[in-house]
Amino acid sequence: MAFSRFNVNGIDKPTCTLELVGIFWWFLFLLYRKAYIPALILFIAHKLVILRTMLLYIHIPFCDSKCSYCAFNSYVDKFHLKEKYMSALFVQLKHELKRFDATKESIETIFIGGGTPSTVAPELYKEIFTHLKPYLKKDIEITSEANPNSATYEWLEGMYGLGVNRISFGVQSFNEKKLKLLNRAHSPQMAIDAINNAKTIGFENLSLDLIYATLGDTKELIQYDIDTAV
Ligand SMILES: C[S@@+](CC[C@H](N)C(=O)[O-])C[C@H]1O[C@@H](n2cnc3c(N)ncnc32)[C@H](O)[C@@H]1O
Ligand code: SF4
C-alpha cells in the first residue's frame, strides 16, 4: 500500500499546471523583480494543492497463475495468507492515513493493482472501504485491476457495491494460443463474458490491457486483438 502526493506516472494534472505557471512567474520575478506577489501566491497554492492531493495504491500480491512475462510482486502459492494480508493492509492503512495527515475528502483516486485483485473476495475489502469513506473525494475514481477468470459476476457486483467505478481487465489477447503461451488462466470467451458482466452491472469506465511483441505475434493478430477490444 502506498500513498502519494503525486501520480504514479509523474506529477498529476492540477499540480503540473500550477508548477508550470509558478515557474513562469518565478522566471518573471528573477528577470524583473516585480512579479513577486503573484509568484508567492502561486508558490503557496502549489504547495497547498500538493499537500491536499492524495492518491492511494493498494497492492494485492496473489495470482492464479504466474504469466511467463511478468516480474511483478505476486505469488501463486500463498492464498492461505489472504485474510491475514487483508487485515495487515487495514492496519497499515490506518497508520498511513495518520502519517500523511489525511483529511476529509482528500483522496482523489484509488488504484487496486497486483498481482490479481480479483482473487480476493469483496468482503475482504469491506473493512478498508468502510474506513476510507470519509476521506474520499465526492467524484473519486476507484479502479481495480481484474483477471477474467476470477472477475466473476459476483465479484464485480461486490466491488461495484463497495464503490469501485473502474475496472482494468487484464485481457492480453483474444487468441487462445497466445493466452496459453503467456500462461494466462483464462480463455478469450471468459474475457468477453467478464467485460459484458461489468457493463451489465453498471461499470461505465473500463480499460483492457493487451500485450504485444510476444513470440509468434503478427500484425494480423495484433489488429484482431485491437478490433475485438474496441
Ligand atoms: C501486473 S498486471 C496486474 C493485473 C492483472 N493481474 C493482469 O494480469 O492483468 C498489470 C498489467 O501489467 C502487464 N505486464 C506484466 N508484466 C509485463 C511485462 N513484462 N511487460 C509488459 N506488460 C507487463 C500485464 O500484462 C497486465 O496487463
Ligand atoms: S496475472 Fe497479472 S500480476 Fe499475475 S503473473 Fe500474470 S500479469 Fe503478473
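Scroll up for the structure.
Remember, it's a predicted structure, so these values are computed and weren't measured experimentally.

*Asks:* Quick rundown of the overall build of the protein chain? Include the residues and the values.
*Replies:* Along its length, the protein chain carries 8 helices and 6 strands. Within the protein chain, the proportion of its 230 residues that are buried is 25%. A fraction of 76% describes how many contacts in the protein chain between residues 6 or more apart in sequence connect residues 24 or more apart.

*Asks:* Which residues make up the site of ligand 1, and what values do they have?
*Replies:* In the vicinity of ligand 1, the contacting residues are Tyr69, Cys70, Phe72, Gly113, Gly114, Thr116, Glu145, Asn147, Gly170, Gln172, Asp209 and Ile211. Elements represented by at least two residues in the shell around ligand 1 include exactly strand 3 (107-114) and strand 5 (166-172). Considered class by class, the residues forming the shell around ligand 1 number 4 nonpolar, 6 polar and 2 charged.

*Asks:* Before we move on, can you summarise helix 3 (residues 82-99) with the specific residues and values?
*Replies:* Here helix 3 contains 18 residues, and its C-alpha end-to-end distance of 25 Å stays within 8% of the 26 Å for a straight helix at 1.5 Å per residue. Along helix 3, the positions that sit buried rather than exposed are Leu89, Leu93 and Leu97. Seen along its axis, helix 3 keeps its buried residues to an arc of 65°; they face one direction. Across helix 3 from its buried face, at more than 90 degrees, point the exposed residues Lys84, Ala88, Val91, Lys94, His95, Lys98 and Arg99. Those residues of helix 3 hidden inside the fold are in contact with strand 2 (54-60) and helix 4 (123-132). Asp101 lies just past helix 3 and shows a positive phi near 55°.

*Asks:* If you had to explain the nonpolar core to someone new, which residues and values would you point to?
*Replies:* Across soluble globular proteins, nonpolar side chains have a tendency to be buried as a group. With 33 residues, the main nonpolar core has Ile58, Ile107, Ile110, Phe169, Ala191 and Ala194 as its most contacted residues. Mapped by element, the contributors of at least two residues to this core are strand 2, helix 3, strand 3, helix 4, strand 4 (136-146), helix 5 (153-162), strand 5 and helix 7 (188-201). Excluding residues within four positions of it along the chain, Ala191 makes contact with Pro148, Phe169, Val171, Phe174 and His186.

*Asks:* Talk me through unusual backbone geometry; I want residue IDs and the actual numbers.
*Replies:* Of note, the bond from Gly114 into Gly115 is cis; its omega dihedral lies within 30 degrees of zero at 20°. Even without glycine at this site, Glu105 takes up a positive phi of about 55°. With respect to the helices, strands and loops of the structure, Glu105 is situated in the loop between helix 3 and strand 3. Accessibility expressed as a C-beta count within 10 Å gives 14 for Glu105, which makes it partly exposed. Phi angles above zero are rare outside glycine, and Gln172 is one such case at about 70°.

*Asks:* Describe the environment of Gly158, listing the residues and the values that go with them.
*Replies:* Considering the arrangement of structural elements, one finds Gly158 in helix 5. Here Gly158 falls in the partly exposed class, since 18 other C-beta atoms lie within 10 Å of it. With 36 residues separating them along the chain, Gly158 and Pro122 place their C-alpha atoms 5.4 Å apart.

*Asks:* Provide a residue-level description of the pairing of strand 4, including the pertinent values.
*Replies:* If a strand is regular, its side chains alternate between the two faces of the sheet. Bridging between strand 3 and strand 4 involves 5 bridges; their strand directions are parallel. Note that in strand 4 the partner of Thr109 across the bridge is Glu141. Remark: the strand 3/helix 4/strand 4 crossover connection has right-handed handedness. Two strands pair when backbone bridges link them, and strand 4 and strand 5 are joined in this way by 4 bridges, in the parallel orientation. The residue of strand 5 that forms the bridge with Ala146 is Phe169.

*Asks:* Please give an account of the site of ligand 2 that cites residues and values.
*Replies:* The environment of ligand 2 is made up of Cys63, Lys66, Cys67, Cys70, Phe72, Ser74, Gly114, Gly115, Thr116, Asn147 and Gly170. Broken down by class, the residue content of the shell around ligand 2 amounts to 4 nonpolar, 6 polar and 1 charged.

*Asks:* An account of the packing of helix 3 against helix 4 is needed here, citing residue identities and associated values.
*Replies:* Here helix 3 crosses helix 4 at 10°, and the two axes come no closer than 9 Å. Judged on the interaxial angle alone, helix 4 and helix 3 are roughly parallel. Residue-level contacts link Lys82, Glu83, Met86, Leu89, Phe90, Leu93 and Lys94 of helix 3 to Leu124, Glu127, Ile128 and His131 of helix 4. Looking at side-chain class alone, the contact of helix 3 with helix 4 contains 6 nonpolar, 1 polar and 4 charged residues.

Reading guide: rules and limits
- Residues numbered from 1 in each chain as written.
- Chains lettered and ligands numbered in written order.
- Predicted model: local features only at pLDDT ≥ 70, side-chain atom pairs only at ≥ 80, totals over all residues.
- Helix = DSSP H or I, 4+ residues; strand = E, 2+ residues; numbered from the N terminus.
- Buried ≥ 20, exposed ≤ 12 C-beta atoms within 10 Å, placed from the backbone.
- Contact = placed C-beta atoms within 7 Å.
- Near = placed C-beta within 6 Å.
- Nonpolar A, V, L, I, M, F, W, Y, C, P; charged D, E, K, R; others polar.
- Expected span 1.5 Å × (residues − 1).
- Arc of directions from axis to C-beta.
- Core = buried A, V, L, I, M, F, W, Y, C linked by C-beta atoms within 7 Å.
- Pairing = 2+ DSSP bridges.
- Right-handed = clockwise from strand over helix to strand, strands pointing away.
- Axes fitted to C-alpha atoms, helices over the stretch in contact; angles between N-to-C directions.
- Parallel < 35°, antiparallel > 145°, perpendicular 65-115°, else oblique.

Read these as layout, nothing more, since geometry by itself doesn't imply function.
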